[in-house]
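One-letter residues, chain by chain:
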Amino acid sequence: MMARTGDRIVIEVDGPHGHRREGVITAVGRAGGHPPYRVRWLDNDHTTLIIPGPTARIEAAS
């Protein structure tokens with residue numbers, strides 16, 4: 001997975017306790033856009049450092 005600052009990350013979890021989270025990548029941890037990523041979550045404006053799992057996808061910034 002590769003991303004740039006300003007891209008969106010979307011995480012969707014299926015199942016009975018499934019949910020969807022969206023955030024904006026504010027920093028990229030490694031050269032070439034590889035994780036970890038610093039993400040500002042749109043639902044609560046908190047910022048966390050994550051290594052995305054298999055349910056995550058990157059949407060390029062416009």
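Throughout what follows, the structure given in this document is the object of discussion. Worth saying up front: this structure is predicted, and the values here are computed from it rather than measured. (Residues numbered from 1 in each chain as written. Predicted model: local features only at pLDDT ≥ 70, side-chain atom pairs only at ≥ 80, totals over all residues. Heavy atoms only, no water.)

**Observations concerning the nonpolar core**
Alright, step 1. By size, the foremost hydrophobic cluster in this structure holds nine residues: A3, I9, I11, I25, Y37, V39, W41, I50 and A56.
Alright, step 2. Looking at this core, the elements with two or more residues in it are β1 (8–13) and β3 (37–41).
Alright, step 3. It is β3 that provides the largest number of residues to this core, a total of three residues.
Alright, step 4. Among residues more than four places away in sequence, those in contact with I11 are H19, R20, R21, W41, I50, T55 and A56. (Core = buried A, V, L, I, M, F, W, Y, C linked by side-chain atoms within 4.5 Å. Buried < 20%, exposed > 50% of the residue type's maximum accessible area, 1.4 Å probe, protein only. Helix = DSSP H or I, 4+ residues; strand = E, 2+ residues; numbered from the N terminus. Contact = heavy atoms within 4.5 Å.)

**Considering unusual backbone geometry**
Alright, step 1. Residue P36 follows P35 across a cis peptide bond; omega there is 15 degrees.
Alright, step 2. Structurally, P36 is set in the loop between β2 (19–28) and β3.

**Side note on the sheet that holds β2**
Alright, step 1. Read from one edge to the other, the open sheet built from five strands follows the order β4-β3-β2-β1-β5, with strand pairing classed as antiparallel. With one partner strand each, in any of the chains shown, β4 (47–50) and β5 (56–59) form the two edges of the open sheet. Sheet twist, expressed as the average angle between the axes of neighbouring strands with direction ignored, equals 35 degrees.
Alright, step 2. As paired strands, β1 and β2 are joined by six bridges and run antiparallel to one another. When the bridges of β2 are listed, V10 appears paired with E22. (Pairing = 2+ DSSP bridges. Axes fitted to C-alpha atoms, helices over the stretch in contact; angles between N-to-C directions.)

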